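As a plain string of letters, each chain reads:
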Amino acid sequence: MTAFLNRIENSEAISLGAVSIVGRSPECEVIIADPRVSRRHAMIRKQDGGFYLFDLGSFNGSYLNGARLTATRRLHHGDVISFAEHEFHYTETGSLQTPQSAGKTGDSTIALIRSTPVVLLVSDIKGFTALSEELEAGDLAQIIGGWYSDCELILSEEGATLDKFIGDCVLAYWTTVEKDTLLAALRAANRLLDSCEKIYEARPDVFARIHRRFEVGVALHTGKVAYGGMSQGEFTLVGDPVNLTFRLESLTREMESNVLVSGDFVKAIPEVRHHCKNLGVRRVKGRAQGIEVFAVKSFPG
């Protein structure tokens, strides 16, 4: 499937890639030269068989079919998207097909799946349900959009592939398990924690009103996964290490630590052990065998 934003004011058709940033910055894929549009205003991302619109904490908001965006929304052919007074029609051509089964010949391209070791990162907003209940929709959209924007920027700069946003959670990975990528994952975790302070300081009035801070949990793990095109137009990774990283992240509440790493991660880069506290072997939901867990107390370099 190919998707486009068609600028109504001049009929310009802009092809959307896997990630397209909308804003007034010249680095954006969709540039709107208007001071009412934020530098990084919104993001359109291809995932789960379609294209999704995220507001990136913009000052004036993003609008879908006349309604202000307060959560991630999947786009549909014919939707009207507005930024300030600039309107775009979203259009699609073609459709996503389920890939042909392995070994089938003909005109269909067979997906190439590789099994490869990766470094995995999962981050999740703590207390998201409470935030959703206590904040006005517009405030929530700005805060979550700001977090999406920071995640996309930080992970990109640290060389990760951002696999997907799942509501209040992000999954990313590096396709080699080497010292450089392991250190990059730790830097990304540290920067994601720093971004929480930035988001809090941008709207202290909102957080003071609900007597909360903005916090995330981060989990890092390594393992071998299936990696490649799971369907036409969709590239992702699956496997037990992915599930385990999500389970590890959920332990950040119980362990009262914002960053947890697995024993496998520490074994891959033993010099970080003195930055960590060994929390022992912990049981996680859905697994008979426990996992060795470390809390990161400081970050290398």
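Residues numbered from 1 in each chain as written. Predicted model: local features only at pLDDT ≥ 70, side-chain atom pairs only at ≥ 80, totals over all residues. Heavy atoms only, no water.

**A look at the environment of valine 259**
Along the chain, the position of valine 259 falls in strand 17 (residues 259-262). For valine 259, a relative accessible area of 2% translates into the label buried. Each C-alpha atom, one on valine 259 and one on alanine 189, is 7.2 Å from the other, the two residues being 70 residues apart in sequence. (Helix = DSSP H or I, 4+ residues; strand = E, 2+ residues; numbered from the N terminus. Buried < 20%, exposed > 50% of the residue type's maximum accessible area, 1.4 Å probe, protein only.)

**What to know about the packing of aromatic side chains**
With the rule as written, the count across this model stands at nine aromatic pairs. For the pair phenylalanine 51 and tyrosine 90, a centre-to-centre distance of 6.3 Å together with 55° between the ring planes defines the contact as tilted. Separated by 39 residues along the polypeptide, phenylalanine 51 in strand 6 (residues 50-55) and tyrosine 90 in strand 11 (residues 86-93) bring together distant segments of the chain. A single burial state applies to phenylalanine 51 and to tyrosine 90, both of which are buried. Here the aromatic cluster, defined as three or more aromatic residues joined through ring pairs, consists of Phe54, Trp147, Tyr148 and Phe165. (Phe/Tyr/Trp six-rings, centres within 6.5 Å; stacked < 30°, edge-to-face > 60°.)

**Observations concerning the pattern of salt bridges**
A side chain of one charge can pair with a side chain of the opposite charge if their charged atoms are brought near each other. Enumeration according to the criterion identifies 17 salt bridges in this entry. Arginine 191 serves as the salt-bridge partner of glutamate 158, at 3.1 Å between the closest nitrogen and oxygen. Pair noted here: glutamate 158 is in the loop between helix 2 (137-157) and strand 13 (161-166) and arginine 191 is in helix 3 (residues 179-202), with a separation of 33 residues, a long-range link. Across the pair aspartate 163 and lysine 164 runs a salt bridge, and its minimum N-O distance is 2.5 Å. Overall, the relative accessible area of 5% leaves aspartate 163 in the buried class. Taken together, the shared-partner salt bridges in this structure form one network comprising Asp139, Arg203, Asp205 and Arg209. (Salt bridge = Lys/Arg side-chain N within 4 Å of Asp/Glu carboxyl O.)

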